[in-house]
Amino acid sequence: METFNSYVIFAIVSLPLAGAVVLVLLPSYRPRLIRWVATVVALATVLLTFYTFGFYDPEEGGFQFMRQWSWLELPGPWPLGEQGISFALGVDGISALMLMLSGIVMFTGVLVSWNIAERNKDFFILYFLLLAGVFGVFASMDLFFLFFFYELAVLPMYLLIGVWGSTTDFRTFVRTKEYGAMKLTIYLVGGSVLIWIALLAIFVQAGLGTFSFVDLQESADFPRTFQQVFFPFLMVGFGVLAGMWPFHTWSPDGHVAAPTAVSMVHAGVLMKLGAYGILRLGIGLFPEGAQDWMPVLVVLGTVNVIYGAVSAMGQRDLKYVVGYSGVSHMGYVLMGLATLDHLGVTGAVLQMFSHGVMTALFFAVVGAIYDRTHTRDIAVLEGLAKRMGVTASLFAVGGLTSLGMPGLSGVVAELLVFLGLFKTYPLLGVLGIVGAGITAVYILRLMAKVFFGALGERWRDQTDISRLEGFSSWVLVAFVFLVGLFPFPFIRAIDSGVSTLLSRMAGA
Amino acid sequence: MIELAHFQVLSAGLFAIGLYGVLARKSAVLILMSIELMLNAVSVNLVGFAAFVDFTEPQRALGQVIVIFVIIIAAAELALAAAIILRLYRSRSSVNVDEIDLMRW
Amino acid sequence: MPFGETIGTEWAWVIPALSAAAFFLTVIFGRFLPRQGAYIPVAAIFLGFVLFWYVLRDLLTSGPASFDITWISLGDTRIAWGVNVDRLSVTMLGLVTFVALLVQVYSLGYMKGEPRQGWYFAAHALSAAAMLALVLADNLLFLYIAWALVGLGSYLLIGFWYERREAAEAAKKAFITTRIGDVGLLIGIILLFESTGSFDISTIFHVAQSGGISQGTITVAAVLLFLGAMGKSAQFPFHVWLPDAVEGPAPVSALIHSATMVAAGVFLVARMLPLFELAPGVMLLVAGVGLFTFVFAGTLALVMTDLKRALAYSTISHLGLMMLSLGAFGLGAAIFHLVAHGVSKAMLFLGAGSVTRVTGKTEIWDMGGLRRRMPVTAITFVIGGAALAGIPPLSGFFSRDAIMLAVMDNRGPAFLVVALAAAALSALYMARIVLVVFFGPLKADNEHAHESPLVMTVPLVLLAFTALTVGFIALPWGASYQGFGDFLADEGGFHFEVWLTALTLALALAGVAAGWLTYRTGHISHGQIARRYSGLYRVLVNECYVDDLYQWVVDHVVLAAGNFVALYDRVVINDTGVDGSALTVMLSALRLRHVQTGHLYNYGLAMSLGVVGLVLVWWLVLA
């Protein structure tokens, strides 16, 4: 058991990579076999992430399931003895939850990708590389490898969107898939430049000769001015990925161009990498810098919430609505992080999970609609509930989660964020709640237009969502309900991680 | 008495002539010859230093070794460059570098 | 009672839990069961109604109690699911289980043959569960959760016939309008949490009464809570959703107009009244809004020609009356009226459903003389109407009398005069509805009309019987029961002012008489009056243009803002900021590339100059 536990994280990170290698060896003219292999790999991975989260012990806290391999030894006398870069894996409560989120989204994404007809082998290879990167970021305890996996996660997106994406003509403007892919990649690589600068600065300033997160957090002493200078690098670098205003436009355009499963991973997991980075590196290493910069972040988060919600109201494409709704919901995450308050940060992490599951559900449903109707134009879709009852119910669950209906996951997370905000920035907290009100407006308008009313003539012979797609969506719905009704196990795990991070705050 | 300075003056002179040739000549063949002049200038310099600077034993012949190395490289390079110029002449009937701007924006 | 000793107040949570379980069971397994599982919610609410009596009995013998379990605990913050059984919540339990039970039984007949009826009954169960949880909640957060679920249940029920554009729009309107209030409510709740450190209602009262919160905070919080109540209880200016909500099936209207949705707002103010009482200004606001709504909706009810719409405005008007009562410190009277009105209005809507189902008509002028064809519906409808008009000894008479007394005692003559006039008005419009629909000659195309089946008439009769008799709980029944006001809120035993009661009664009778003369005998011509005051009449028929104003605001402000920001994001932030900087890079590259001439000697010169430059730097600066 001990051995198994020390290898489980390694297995989670390497399974998608191994899956990619196996897929490379399979012949591309056997799409069914490829689908099955992909599904089995994804299932094995998601089960391992469940195991990790289930057996993570929040009472003990800290990093667990640890394992490390030395990769490069750096010569020279260092204060803490022999040092270097090591491939160190391990999870705390926050990253265990994020691993589980990625696992769920990965698995459901594979299921909704069953109907990809064109080059599905290449698709799954790239998809698994992307996921390996995501898992690696969440599981790495060494900043060098965290960055390495971060880059690994960004690059396959370009091909996945550029090859399997869709180009949409919006009459007044056109968004090609190449445009979406290019913008996304440039933005994320731009963000990673800032992050890399900050990481090198951390390495040099600390003078410990190590990239190990734990060593840096415990032994390095960063002067306040240093923190003030370099915290923004992390905040903006990771903030770009988290969809922080005004660096958010890559996200809705990327969604519109991306195929369904990639949208799910992109909005469900990739954007969470950004928030995770701000929390783990920004707040974790630069507590004082964070304190000084948080007023800026909380304002940007508020702008995200309101601006995203109002923007979503004016969109005419289903994916744009969901995309801007994501910008709005990531705003709650940023606001929660910016409170630096126990409740607020816990709420922010729970919101990351909740929004990840919810938005994956949204994109799965929107993808199913698009596959059948070949349009996402809200003006054209009408009365679909009559023919697509299950689809409508699934969308309704997503919609109600997003507008904060109790019993579903969103409200618990948002409530904690609000409680944190009222302690620190009460006026912005009020705006946050108002933003949740605006969410209700655009979600309900959308549902009334697309699903309710008389069935449009064009959609008379519409078929409902398939069993497989339905199954993958119900898995997501199950988690929405689970977090909504029994949030305590999740909150306890998050809490153990957040307490450690916040305990280093001045005055805490 | 020949001193290090003589080598250096000779080397600098050769190099300057070579550089002038490279920059000012229109014919690719002459440019190639000018490059050879520059290489030789460097070789002269190396030989001079090797002869006059008081090196320790293992490095004594280093200058000469490098010079021989340079000569060999120059020969190989010349063969390659001459071949390129020949191909160029075949296709364009000219070796005037003013007319050769395939790498232009 | 069997099990009398073992089942007590600690079982109260089972009542909402039964309906909640019924919701999930019906949704998941309903499709395999006869009538898509419609009987599960009915059975659940029936059991709830039975349990209510056990809880009431235990409450009377052992007094109030509360129980909770921890839901989330984080640091020193603990959030619990708690149940508080006191007289107010048990009264509401009785009302909700009773009305919901009868409405669901009625629906068994009304919705017969409907394709998605399993979902319909599931949504009923959800509504009932949420409302029952709401009245039992011992902390504000739990209350808010139930509150939002009540809204969801109503949304699902109003929009049940979603294929009809009107129903879909009405459901959306109901949700969004009440959501505006909910935003206020949530802000208020969190504000109270931040200032007292607790969601627990009794703790909040305790802290507030001992001066632990500043007066300003109390006032702001009370206003915010009231905002939530105004949304749910359809007080002006949030009343617009309720008349539209009649687009749902008739039993749905019966439920949300009496026991669930609109009752939630009144209940919230009643529950939080000790807090409101600390903010006298807010109490005045409650009374003022209530009074205005009472009058405003009453006049509109008089001119509506759609039967269910007229009843809806009557509901709004009566909700205003309840708010007025709360604003006049009349807690017992308000809840009494909530019960009396709930029973009567549920019955009226069920009766209206029975009528429209048989005749297929909604306009009252297309009906007429239906008492000949639908005697049971007609008799029960008359009883319900009389109860709401305040004719003794029906329930509405007692409750209205109690409210007037509270208004006179605490709000003074100005409020009283207006309230009395509006009371007469409510008798008049009730008489109009009853007389136009059931009396007079039978229309030719209604000849085929017939009475509804037993499953629908029995609930009507039971509700009518209750409307007849429930008023007597106002009276003292011996030493241990000194009247409803005393039972609920220790307001002292039953009492009345002879002149005030007489005046109330006289005005009610005058209203009914005016109605009789106008709509039965024709001595007064309503057509002439409408023509003489045609301007005013037009304004009233158009519901004072409130809807049109909101529609204008939505179209020209809200949606315009959405479109503007969406356009701004695309044109300014994306196309200018993002693509613009990309374009700048590209354009500069287009110019800079001319450096690449392709001529060997240019490159050679640049290289040489570079070397010379480097040497110079090394020589002059570094060496």
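Keep in mind that this is a model prediction, so the values were computed, not measured. (Residues numbered from 1 in each chain as written. Chains lettered and ligands numbered in written order. Predicted model: local features only at pLDDT ≥ 70, side-chain atom pairs only at ≥ 80, totals over all residues.)

## Details of the overall build of chain A
Short version of the rule: In this text, helices come from DSSP runs of H or I with a minimum length of four residues, and strands from runs of E with a minimum of two, each type numbered from the N-terminal end. Here the radius of gyration uses the C-alpha set of atoms, whereas the globule reference equals 2.2 Å times the residue count to the power 0.38. Around each residue's C-beta, the other C-beta atoms within 10 Å are counted; 20 or more make the residue buried, 12 or fewer make it exposed, and counts in between make it partly exposed. All C-beta atoms are placed from the backbone. What counts as a contact here is a pair of residues whose C-beta atoms, placed from the backbone, lie within 7 Å.
Across its full length, chain A carries 18 helices and four strands. Its C-alpha atoms give chain A a radius of gyration of 22 Å, near enough to 23 Å, the size a compact globule of 508 residues would have. Its C-alpha atoms give chain A principal-axis dimensions of roughly 75 × 60 × 40 Å. Split into buried and exposed, the 508 residues of chain A put 63% on the buried side. For chain A, restricting intrachain contacts to residue pairs at least 6 apart in sequence, the fraction spanning at least 24 positions comes to 81%.

## Concerning the overall build of chain B
Secondary structure assignment for chain B yields three helices and zero strands. Its helices and strands in sequence order give chain B the pattern α-α-α, from N to C terminus. Taken over the C-alpha trace, chain B has a radius of gyration of 17 Å; the compact-globule value for 105 residues is 13 Å, which it surpasses by more than 25%. When the backbone C-alpha atoms are referred to their principal axes, chain B occupies close to 55 × 25 × 25 Å. Across the 105 residues of chain B, 14% fall into the buried class. The contacts of chain B with a sequence gap of at least 6 include a subset with a gap of at least 24, amounting to 53%.

## Considerations on helix α4 (residues 120-139) of chain A
The criterion, for reference: Helices are assigned an expected span. That span is 1.5 Å times one less than the residue count.
In this model, α4(A) (20 residues) spans 28 Å end to end at C-alpha, consistent with the 28 Å of a helix rising 1.5 Å per residue. Within α4(A), 19 of the 20 residues are buried, which leaves it mostly tucked inside the rest of the structure.

## Examining the interface of chain C and chain B
Rules: Classification used: nonpolar for Ala, Val, Leu, Ile, Met, Phe, Trp, Tyr, Cys and Pro, charged for Asp, Glu, Lys and Arg, polar for all others including Gly.
At the interface, eleven residues of chain C touch eleven residues of chain B. Of the residues that constitute the side of chain C that touches chain B, the class distribution is three nonpolar, seven polar and one charged.

## Focus: the nonpolar core
Test applied: Linking buried Ala, Val, Leu, Ile, Met, Phe, Trp, Tyr and Cys residues through C-beta atoms within 7 Å yields a set, and such a set is a nonpolar core.
Counting residues in hydrophobic clusters, the biggest one holds 433 residues, and the most contacted among them are L97(A), L361(A) and V269(C). Not counting the four nearest positions on each side in its chain, L361(A) is found in contact with L394(A), V397(A), G398(A), S473(A), L476(A), V477(A) and V480(A).

## Side note on the environment of T91(C)
All names here are of chain C. Secondary-structure assignment places T91 in helix α3 (residues 87-110). Since 23 C-beta atoms lie within 10 Å of it, T91 is described here as buried. Residues T91 and I335, 244 residues apart in the sequence, show an inter-C-alpha distance of 8.4 Å. With sequence-adjacent residues up to four places away left out, T91 is seen in contact with I335, V339 and L488.

## Some words on the interface of chain A and chain C
On the side of chain C, 37 residues touch chain A, which itself brings 39 residues to the contact. Broken down by secondary-structure element, the contributors of at least two residues to the side of chain A that touches chain C are α11 (287-313), α13 (342-373), α15 (409-424), α16 (426-450) and α18 (488-502) of chain A. Considering each element in turn, the side of chain A that touches chain C owes the most residues, nine residues, to α16(A). When the residues that make up the side of chain A that touches chain C are grouped by side-chain class, the tally is 24 nonpolar, ten polar and five charged.

## As for the pairing of strand β2 (residues 77-85) of chain C
Residue and element names in this part refer to chain C. To keep things clear, this is the line we draw: Two strands make a pair as long as DSSP finds a minimum of two bridges between them.
Relative to β2, strand β1 (residues 65-74) runs antiparallel, the two being bridged by nine bridges. Residue T70 lies in a different strand from β2, and its bridge partner there is A80. Between β1 and β2, which pair antiparallel one after the other, the connecting turn spans two residues, and G75 there sits at a positive phi close to 60°.

## Focus: the arrangement of the chains
The top pair by number of contacts, from a total of two pairs of chains in contact, is chains A and C. One finds no contact linking chain A with chain B; the least C-alpha distance across the pair is 24 Å.

## Comments concerning the packing of α4(A) against helix α10 (residues 260-285) of chain A
Residues and elements named next belong to chain A. What counts is decided by this rule: An axis is simply a line fitted to the C-alpha atoms; with a helix, the fit covers only the stretch in contact. Between two such axes, the angle follows the N-to-C directions and lies from 0 to 180 degrees. In what follows, roughly perpendicular refers to angles from 65 to 115 degrees, roughly parallel to angles under 35, roughly antiparallel to angles over 145, and oblique to any angle outside these ranges. What makes a crossing left-handed is the near helix being turned counterclockwise from the far one by less than a right angle; a clockwise turn instead makes it right-handed.
Relative orientation of the contacting elements α4 and α10 amounts to 20°, with a least axis distance of 11 Å. Comparing the axis directions of α4 and α10 gives the class roughly parallel. In this structure, the crossing between α4 and α10 has a hand that is left-handed. Listed contacts from α10 to Y127, L130, V134, V137 and F138 of α4 are A261, V265, V269, L270, L273 and Y276. When its residues are assigned to classes, the contact of α4 with α10 shows eleven nonpolar, no polar and no charged.

## Some words on helix α6 (residues 177-206) of chain A
With 30 residues, α6(A) should reach 44 Å at 1.5 Å per residue; the first-to-last C-alpha distance of 43 Å fits that figure. Of all the residues in α6(A), the buried ones are K177(A), G180(A), A181(A), K183(A), L184(A), Y187(A), L188(A), G191(A), I195(A), A198(A), L199(A) and I202(A).

## Side note on the packing of helix α5 (residues 143-164) of chain A against α6(A)
Residues and elements named next belong to chain A. Direction vectors running N to C along α5 and α6 enclose 170°, while the axes themselves pass 8 Å from each other. Relative to α6, α5 is oriented roughly antiparallel. Contacts from L143, F147, Y150, E151, V154, M157, Y158, I161 and G162 in α5 reach K177, E178, G180, A181, L184, T185, L188, V189, S192, I195, W196 and L199 in α6.

## Overview of unusual backbone geometry
For the bond running from W245(A) to P246(A), omega is 0°, close enough to zero to count as cis. Relative to the assigned elements, P246(A) resides in the loop between α8 (224-241) and α9 (250-257). The peptide bond linking F236(C) to P237(C) adopts the cis configuration, its omega dihedral lying at 5°. Inspection of the secondary structure assignment puts P237(C) in the loop between α8 (215-232) and α9 (241-244). With a phi close to 60°, H374(A) is a non-glycine residue in the positive phi region. Topologically, H374(A) is positioned in the loop between α13 and α14 (389-402). Although it is not a glycine, F329(C) sits at a positive phi angle of roughly 65°. You can see F329(C) is positioned in the loop between α14 (307-327) and α15 (331-359). The exposure class assigned to F329(C) is buried, which follows from the 21 C-beta atoms found within 10 Å.

## So, the confidence of the model for chain B
Worth spelling out the cut-off: The quantity known as pLDDT measures the predictor's confidence residue by residue, on a range of 0 to 100.
Looking at chain B, pLDDT values average 87 and 99% of them are 70 or higher. On the interface metric, ipTM, the complex scores 0.89, and its pTM is 0.88.

## Side note on the environment of G30(C)
Residue and element names in this part refer to chain C. Looking at the element boundaries, G30 is found in the loop between α1 (14-29) and α2 (39-62). Sequence separation between G30 and L590 is 560 residues; the distance between their C-alpha atoms is 68 Å. Among all residues touching G30, those that are not within four sequence positions of it are Q36, G37, G118 and A122.

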